[in-house]
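These are the residues of each chain, in order.
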Amino acid sequence: MTKIVTLIYSAILLLLTVSVYGQKARIEAADKNYNNYSYIDAIATYESVALKGYKNEKMFQKLGNAYYFNADFGKAEKWYGELFALNEEQESEYYYRYSQTLKSVGDYGKANKMLEKFNKKAGNDTRSKLYESQKNYLEEIKANSGRYTIADAGINSEYSDYGSSFSNDNLVFASARDTGRVSKKVFKWTNQSFTNLYSSEINADGNLGNPKRFSKIINSKFHESTPVFTKDGQTMYFTRNNYLDGKQGKDTEKVTLLKLYKATLNNGNWTNIVELPFNSNDYSVAHPALSVDENTLYFVSDMPGTFGQSDLFKVAIKLDGTYGKPENLGNAINTEGRETFPFVSGNNELYFASDGRPGLGGLDIFVTTIGKNGTYSSVLNVGAPINGTQDDFAFLINTKDSRGFFTSNRTGGVGYDDIYSFTETRKLLCEQVLSGILIDQETGTILANAKISVFDEHFELQQEITTDDKGYYSIEVACGKTYYVRAYKEDYETKEEKIIIKNTNGKTDFPLKLNKLLKPIKVGTDLTKTLDIPVIYFDLDKSVIRKDATFELAKILVVMQQFPKMKIDVRSYTDSRQTEQYNLKLSDKRVKSTVDWLIKNGIEKNRLTGKGYGESQLVNNCSDDVQCTELEHQANRRSEFIIISID
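Just so we're clear, the structure is a prediction, and the values are computed from it rather than from any experiment.

Visitor: Explain the state of the cysteines to me, please; I cannot follow it from the model alone.
Guide: Put plainly, a disulfide is one covalent bond tying together the sulfur atoms of two cysteines. Counted under the stated rule, the structure contains one disulfide. Note on cysteine connectivity: cysteine 622 is disulfide-linked to cysteine 628, with sulfurs 2.1 Å apart. Note on the cysteine 622 and cysteine 628 pair: the S-S dihedral is about -105 degrees, so by sign convention the disulfide is left-handed. Given a relative accessible area of 0%, cysteine 622 falls into the buried group. The class for cysteine 628 is partly exposed, based on a relative accessible area of 21%.

Visitor: I'm lost on the sheet that holds strand β9 (residues 224-229) in this one. Help?
Guide: Here we have four strands laid out as an open sheet, ordered β9-β10-β13-β14, and antiparallel in their pairing. Each of the sheet's edge strands pairs with one partner strand only, and the pair in question is β9 and β14 (269-275). Averaged over all adjacent pairs, the angle separating strand axes in this sheet is 30 degrees, with direction ignored. Bridging between β9 and strand β10 (residues 235-241) involves four bridges; their strand directions are antiparallel. Residue pairing for β10: serine 225 is matched across the bridge by threonine 239.

Visitor: Looking at this structure, I do not really get the sheet that holds strand β4 (residues 170-175). What am I missing?
Guide: The strand order across the open sheet formed by four strands is β3-β4-β7-β8, and the pairing between neighbours is antiparallel. The sheet is open, and its two borders are formed by β3 (161-167) and β8 (212-213), each paired with just one other strand.

Visitor: Would you mind going over helix α11 (residues 580-600) with me for this structure?
Guide: Residues three or four positions apart in an α-helix share a direction because the helix packs 3.6 residues into each turn. With 21 residues, α11 should reach 30 Å at 1.5 Å per residue; the first-to-last C-alpha distance of 30 Å fits that figure. Among the residues of α11, Asn583, Leu586, Ser587, Arg590, Val591, Thr594, Val595, Trp597 and Leu598 are the ones counted as buried. Taken together, the buried residues of α11 touch α10 (547-562), β35 (567-573), β36 (608-612) and β37 (638-645).

Visitor: For this particular structure, what's the right way to read the packing of aromatic side chains?
Guide: Aromatic ring pairs: the centre-centre distance and the angle between the two ring planes describe each pair. Overall, the coordinates contain 25 aromatic pairs when judged by the stated rule. Ring centres 4.9 Å apart and planes at 20 degrees place the aromatic pair phenylalanine 278 and phenylalanine 299 in the stacked group. Here phenylalanine 278 is found in the loop between β14 and β15 (285-290), whereas its partner phenylalanine 299 is found in strand β16 (residues 296-301), with 21 residues between them in sequence. You can call phenylalanine 278 buried: its relative accessible area is 8%.

Visitor: Where do I start with the pattern of salt bridges in this structure?
Guide: Oppositely charged side chains can form a pair if their charged atoms are brought close together. Here the structure, examined in full by the defined rule, presents 18 salt bridges. In this structure, the salt-bridge partner of glutamate 294 is lysine 231, at a minimum N-O distance of 3.7 Å. Within this pair, whereas glutamate 294 is found in the loop between β15 and β16, its partner lysine 231 is found in the loop between β9 and β10, the two being separated by 63 residues in sequence. Salt bridges here are not isolated pairs; linked through shared partners, they connect Arg97, Arg486 and Glu496.

Visitor: In this structure, what is going on with the confidence of the model for the chain? I would like to understand it.
Guide: Low-pLDDT portions of the prediction should not be read for the details of their coordinates. On average, residues of the chain score 84 in pLDDT, and 88% of them are at 70 or above. For the chain, the element scoring lowest by mean pLDDT is helix α1 (residues 3-6), at 39; β16 scores highest, at 98. Predicted confidence for residues 2-37 stays below pLDDT 50, and this span has 97 contacts to residues more than four positions away or in other chains. Every residue in residues 180-184 is under pLDDT 50, and counting partners more than four places away or in other chains gives six contacts.

Visitor: Which parts of the structure should I look at to understand the nonpolar core?
Guide: As a rule of thumb, nonpolar side chains are buried together in soluble globular proteins. Ranked by internal contacts, the top residues of the largest apolar core, which has 53 residues, are Met59, Leu527, Ile556, Met566, Ile568, Leu598 and Phe641. Ranked by the residues each element gives to this core, the list is headed by α10, at nine residues. The residues contacting isoleucine 568, other than those within four sequence positions of it, are Leu527, Met560, Arg607, Leu608, Thr609, Phe641, Ile642, Ile643 and Ile644. In this structure, Tyr148, Ala153, Leu208 and Ile419 belong to the second largest nonpolar core, which totals 22 residues.

Visitor: How should the side chain of glutamate 493 be read in this particular structure?
Guide: Secondary-structure assignment places glutamate 493 in the loop between β30 (482-488) and β31 (495-500). A relative accessible area of 7% places glutamate 493 in the buried class. Among the polar contacts listed, one links the side chain of glutamate 493 to the side chain of lysine 62, at a separation of 2.8 Å.

Visitor: Could you clarify how one ought to interpret the packing of helix α3 (residues 57-69) against helix α5 (residues 92-104) in this entry?
Guide: Packed helices, taken two at a time, are described by their axes: the angle between them and the distance between them. Packing of α3 against α5 leaves a shortest axis separation of 11 Å and a crossing angle of 55 degrees. What the angle tells us is that α3 and α5 run oblique. For the crossing formed where α3 meets α5, the hand is left-handed. On the side of α3, the interface is formed by Gln61, Asn65, Tyr68 and Phe69, while α5 contributes Tyr94, Tyr96, Arg97, Gln100 and Thr101. Residue classes in the contact of α3 with α5 are distributed as four nonpolar, four polar and one charged.

Visitor: Hey, could you run me through the packing of α10 against α11 in this one?
Guide: For the pair α10 and α11, the least separation of the axes is 11 Å and the interaxial angle reads 60 degrees. Between α10 and α11, the crossing angle belongs to the class labelled oblique. The chirality of how α10 crosses α11 is right-handed. Only Thr594, Trp597 and Leu598 of α11 make contact with α10, whose side of the interface consists of Thr550, Leu553, Ala554, Ile556 and Leu557. Its residues placed into classes, the contact of α10 with α11 shows six nonpolar, two polar and no charged.

Visitor: Could you clarify how one ought to interpret a positive patch on the surface in this entry?
Guide: Judged by side-chain charge, Lys110, Lys113, Lys117 and Lys120 come together as a positively charged surface patch. Checked against the element boundaries, lysine 113 lands in helix α6 (residues 108-122).

Visitor: Would you take a moment to explain the side chain of serine 408 for this structure?
Guide: Considering the arrangement of structural elements, one finds serine 408 in strand β24 (residues 403-408). Take serine 408: its relative accessible area is 0%, and that puts it in the buried class.

Visitor: Sorry, what's going on with the environment of lysine 325 here?
Guide: By the secondary structure assignment, lysine 325 is in the loop between β17 (311-316) and β18 (327-328). Residue classification places lysine 325 among the exposed positions, given a relative accessible area of 71%. Spatially, the C-alpha atom of lysine 325 lies 6.0 Å from that of valine 315, the residues being ten residues apart in sequence.

Visitor: Explanation requested: helix α8 (residues 137-144) in the structure shown.
Guide: Within α8, burial applies to Tyr137, Ile141 and Asn144. Projected down its long axis, α8 carries its buried residues within an arc of 60 degrees, all on one side. In α8, those exposed residues whose orientation departs by more than 90 degrees from the buried face are Leu138, Glu139, Lys142 and Ala143.

Visitor: Help me understand the pairing of strand β26 (residues 431-440) in this model?
Guide: Looking along a regular strand, one sees side chains alternate from face to face of the sheet. Most of β26 is tucked away: seven of the ten residues are buried. One ladder, built from seven bridges, connects β26 with strand β29 (residues 472-478); its direction is antiparallel. The residue of β29 that forms the bridge with glycine 436 is tyrosine 473. Bridge analysis of β26 against strand β32 (residues 506-509) gives four bridges, and the strand direction is parallel. Its bridge partner being in β32, glutamine 432 is matched across the sheet by glycine 506.

What counts and how
Residues numbered from 1 in each chain as written. Predicted model: local features only at pLDDT ≥ 70, side-chain atom pairs only at ≥ 80, totals over all residues. Heavy atoms only, no water. Disulfide = S-S within 2.5 Å. Buried < 20%, exposed > 50% of the residue type's maximum accessible area, 1.4 Å probe, protein only. Pairing = 2+ DSSP bridges. Helix = DSSP H or I, 4+ residues; strand = E, 2+ residues; numbered from the N terminus. Axes fitted to C-alpha atoms, helices over the stretch in contact; angles between N-to-C directions. Expected span 1.5 Å × (residues − 1). Contact = heavy atoms within 4.5 Å. Phe/Tyr/Trp six-rings, centres within 6.5 Å; stacked < 30°, edge-to-face > 60°. Salt bridge = Lys/Arg side-chain N within 4 Å of Asp/Glu carboxyl O. pLDDT = per-residue confidence, 0-100. Core = buried A, V, L, I, M, F, W, Y, C linked by side-chain atoms within 4.5 Å. Polar contact = N/O pair within 3.5 Å; in protein donor to acceptor, adjacent residues only side chain to side chain. Parallel < 35°, antiparallel > 145°, perpendicular 65-115°, else oblique. Left-handed = near helix turned anticlockwise from the far one by under 90°. Nonpolar A, V, L, I, M, F, W, Y, C, P; charged D, E, K, R; others polar. Patch = residues over 30% accessible without salt bridge, like charges linked within 9 Å, V, L, I, M, F, W, Y side chains within 5 Å. Areas by Shrake-Rupley, 256 points an atom, 1.4 Å probe, with all protein chains shown as cover. Lys, Arg positive; Asp, Glu negative; His and termini not counted. Charge placed at Lys NZ, Arg CZ, Asp CG, Glu CD. Arc of directions from axis to C-beta.

Okay, here's the thing in structure tokens:
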């Protein structure tokens, strides 16, 4: 890209800002007498167990998450602290969440250390993250290539021609050619004329007519470029140096930066040129693009809040002609490099140029689909021959006939920057839908009106929806991306699961199951199932309670303390290895060890009964002389805690 276009970035120096998103959830206690049952609050049970001094990694994760999702960061900090004290090696999201909770208690020093560890695990720079996640990017670009036939557009001069736009049956573009001025003003960086807008008619065969100067009113003695027109042809937005009504504006360094302007067509003439209200003398705003419904204006800027050298922004165009507040498109699109020259196709695809993503060299052209609520699909390199080793930018396409234009400074061209025409021969974008049904883990009951939140791999919220009356949810997602799906329903434990979307068109089925916070119990209830207690407590041929098993038994202890009249029958089972008589004795010893532990910790002896059943009630076919895996044998080494009375 020549120095004429490079002017756009002359003052673009920026700081990286990182936005984070936190979700607030609200959990309310349910009626303890619902359906005439008594209930156990699972989280309260975990906390009671933890407060007794028992330590378990998953328990601390669950407690920390429960309070974090509920925005109770003080309590979340306590349990995340216990988690990291037990094991410093955690998944990256726990470093981030812990850092957020540490800030809530004023410990910024430790919070920063957690963020450093998070960055080491998740990657510091967006560009390094992208490279780490796309080390095979050349193969991906190769797979995306070969979808276009390209040719010289036939309108190029020996100077710079770039940044075209459709206006009815015409192509309007910027050019540094000088076709009619007796005294031409020269841009000293290149010794070429300042760029003006020109127009060429698009013939039925797609070829372009002879370029003509676009408008004396629009063209000035400074740069004009990159226009965009409304569908009715009555309004245009365009880029110009800071110059209006004969007055030239400059920043504090005496540099004339770029601004966006609007003009309206009146009796065949462009009039009422006004600058947009979010312009500034102190930063550049350039390269407008309109959304399909024309209610949103996309543009490029280095205004405060920019991640890189230049970022893509958007702003709402209100019905009364005013504008909303400009919004950065975020790091789903922007990097610490340059993102520039946006264009929105009729299929709601956002094309843009970037040098911050893995590409073939210089600026490459990328594409993403704009989803509902302003989300974006995977950003894909459009491949060769559109992209090459030099700068390729200013892409636009007519989706009705798959024809379009782009600009490049590749070798073999006519001038500095040249406009090329193309025809797209096949589509690129991969489309995926993530969907599923949310049900109760224990009963299979459909959970309607539950909140489903979808986060990307950096744990930034992408979308939130509610399950329908059949417990069903459906969300458009990007192919090949990793997501975290979080389900929240009142009276249930909030659950988050990871899913990697396939890199093919289609649908990904992802059902979710939630556990109740308040679980019903009655005579005959097995507390191991109610409290989600693993079935294995003893090593092979042993009756001594393992240290990790005491954490599980502590749950039983808390429940029996909560219900002082509850009586439990402890039942122990073995696998089929060893003799039947040996296994019967072994299971009796295990029952005795379990009962003794509960008595030692304060439960009255008359509230406990127990019996060992040996190998008499196998849960699978792993009987004598049947070859089974260790996991299959372990399934038979289990204990049950059956409620025989409550009152």
